[in-house]
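# Structural overview
Residues per chain are reported as follows:
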Amino acid sequence: REELVVLGIETSCDDTAAAVVSNRRGFYGQWGNTRSDCIFPKHNIQQADLLSRYGGVAPKMAEEAHSLVIDQVVQQALDASNLTGEDLSAVAVTIGPGLSLCLRVGVTKARRVAGRFNLPIIGVHHMEAHALVARLVDSDLQFPFLALLISGGHNLLILARDVGHYVQLGTTIDDAIGEAYDKTARWLGLNISKGGGPALEELAREGDSDSVKFKIPMRQYKDCNFSYAGLKTQVRLAIESRSAFQDRKSRADIAASFQRVAVLHLEEKCERAIQWAKEMEPSINCLVVSGGVASNQYIRSRLSYVVERNRIRLVCPPPKLCTDNGVMVAWTGIEHFLLGRFDQPPPAREPEDYV
Ligand code: KG4
Ligand code: ZN
């Protein structure tokens with residue numbers, strides 16, 4: 001089989017990421033990944049984050065941030081592979097879901113590179129990329145498989161039957177789990193410069209997870225859907241009512257109690273989804289867990305018990321491939337390219353437009 005080398009570009013949210021992946025050799029060394037909000041002064045990080053989730057000017061700020069670093073990030077990815085544009089087989093780029101202004105930065109860059117080197121383009125769905133990267137890290141992972149995709153904006157349970165063929169078993173009816181982690185971290189006043197999720201996970205290690213009684217969401221619904229808005233409210237009220245004794249221990253107790261219930265909700269719905277998936281596809285033997293929140297060690301260990309009980313396997317990509325990255329986009333590009341799903345090269349632009 002011929003070697004395919006694909007450049008993947010990801011700009012859907014607040015990471016500007018690119019990577020070069022080969023179907024023979026996997027991904028190359030270090031890959032470019034820059035959090036676009038890190039170029040803002042600290043007080044703007046929160047603003048950018050807040051506003052980007054609720055509309056307003058932040059998408060514009062995020063777009064500017066992506067634009068400032070995109071050339072450098074793509075160059076870093078090529079440098080890390082010791083390849084040039086001439087060596088590429090195609091360019092893959094995230095086309096959604098995400099902030100449209102941000103997506104456009106990646107798509108414009110992808111079209112420039114593809115136009116210049118006469119390469120086909122593959123438009124990639126961000127969540128499909130989170131799921132399929134598991135097949136890069138585990139070459140034994142065959143279809144069909146079940147995937148739990150957990151990030152800041154999505155909470156999905158899907159049955160992956162083949163490349164491009166997915167059945168949604170469950171989704172969130174309001175917030176995603178990453179949003180609940182991020183808000184809880186902010187309300188607890190944690191240092192969220194590396195993201196709310198990791199900060200909360202760390203603090204939770206010091207806490208007693210039984211100390212605050214939160215209600216597990218959606219137990220009365222015998223389906224595979226999620227809800228985190230109610231838990232978020234419970235946590236906010238608990239924090240407000242304890243404002244008189246905001247020492248580290250009581251904050252850690254809230255963090256641990258929140259995490260326990262947030263993850264119990266995942267466990268219960270995964271348990272049911274495994275049953276559903278087995279009825280639909282009796283050969284199912286694997287649960288993939290991916291998306292930014294899947295880098296959480298506590299979640300990995302809790303889900304490993306769930307798969308054990310159900311006699312299936314857990315495939316969880318390493319944390320750097322769970323959070324947004326260019327590798328997953330490039331790899332998904334390869335999967336589609338092999339099936340002949342790609343667009344013809346765009347026309348080359350004027351030389352002075354080359355970047
Ligand atoms: O997939 P991702 O990088 O971007 C989106 O597509 O949303 O996911 C980002 C989300 C954020 O909410 C972040 O706080 C969360 O993943 N996250 C974590 C951890 N690392 C990242 N949540 C919990 N524990 C972690 N260790
Ligand atoms: Zn993501």
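The present account deals with the structure reproduced in this document. (Residues numbered from 1 in each chain as written. Chains lettered and ligands numbered in written order. Predicted model: local features only at pLDDT ≥ 70, side-chain atom pairs only at ≥ 80, totals over all residues.)

## Considerations on the overall build of the protein
To be explicit about the condition: Helix and strand labels come from DSSP, where a helix needs a run of H or I of at least four residues and a strand needs a run of E of at least two; each type is numbered from the N terminus. Buried means a residue has 20 or more other C-beta atoms within 10 Å of its own C-beta, exposed means 12 or fewer, and partly exposed covers the counts in between; C-beta atoms are placed from the backbone. Contacts are defined on C-beta atoms placed from the backbone: any two residues whose C-beta positions lie within 7 Å are in contact.
Within the protein one finds eleven helices and eleven strands. Counting only residues that meet the buried cut, the protein has 49% of its 355 residues in that class. The contacts of the protein with a sequence gap of at least 6 include a subset with a gap of at least 24, amounting to 73%.

## A few points about the sheet that holds strand β11 (residues 313–315)
Inclusion rule: A pair of strands is labelled paired if DSSP reports no fewer than 2 bridges between them. Helix axes are fitted only over the stretch in contact, all axes being lines through C-alpha atoms; the angle between N-to-C directions runs from 0 to 180 degrees.
Read from one edge to the other, the open sheet built from five strands follows the order β9-β8-β7-β10-β11, with strand pairing classed as mixed. The open sheet is flanked by β9 (165–170) and β11, the only strands paired with a single partner. This sheet shows a mean twist of 25° between the axes of neighbouring strands, independent of strand direction. As judged from the three bridges shared by strand β10 (residues 286–290) and β11, these two strands associate in the parallel manner. Counterpart to Val288 in the pairing with β11 is Val315. Lying on the sheet, helix α4 (residues 126–137) is in contact with β7 (145–150), β8 (155–162), β10 and β11; it crosses β10 at an angle near 125°. Helix α9 (residues 297–309) contacts β10 and β11 of the sheet and is inclined by roughly 150° relative to β11.

## So, the pairing of β7
Summarising burial for β7: six of the six residues are buried, a large majority. On β7, burial covers both faces: Phe145, Ala147 and Leu149 on one face and Leu146, Leu148 and Ile150 on the other are all buried. For β7 and β8, the ladder comprises six bridges, and the chain directions are antiparallel. Bridge pairing links Leu148 to Leu157 in β8. Hairpin connection between β7 and β8: a loop of four residues separates the two successive antiparallel strands. Here β7 pairs with β10 via four bridges, running parallel. Residue pairing across strands places Leu146 opposite Leu287, the latter belonging to β10.

## Here's the deal with the site of ligand 1
Stated formally: By definition, a residue lies near a molecule or strand when the C-beta atom built from its backbone is within 6 Å of it.
Residues in close proximity to ligand 1 total 19 residues, the closest being Ser151, Gly152, Gly178, Gly197 and Gly292. Among the elements of the structure, α5 (177–187) and α6 (196–204) are those that each provide at least two residues to the shell around ligand 1. With four residues, α6 is the largest single contributor of residues to the shell around ligand 1.

## Topic: the packing of helix α2 (residues 58–81) against helix α3 (residues 100–117)
Rules: Under this scheme an angle from 65 to 115 degrees is roughly perpendicular, one under 35 degrees roughly parallel, and one over 145 degrees roughly antiparallel; angles in between are oblique. We call a crossing left-handed when the near helix sits turned anticlockwise from the far one by less than a right angle, and right-handed when that turn is clockwise. When residues are grouped by polarity, Ala, Val, Leu, Ile, Met, Phe, Trp, Tyr, Cys and Pro land in nonpolar, Asp, Glu, Lys and Arg in charged, and all others, Gly among them, in polar.
At a minimum axis distance of 8 Å, the contact between α2 and α3 shows a crossing angle of 25°. By the angle between their directions, the pair α2 and α3 is classed as roughly parallel. Once α2 is placed against α3, the crossing between them reads as right-handed. Here Pro59, Lys60, Ala62, Glu63, His66, Ser67, Ile70 and Val74 of α2 come into contact with α3, specifically with Leu101, Cys102, Val105, Lys109 and Val113. Class assignment for the residues of the contact of α2 with α3 results in eight nonpolar, two polar and three charged.

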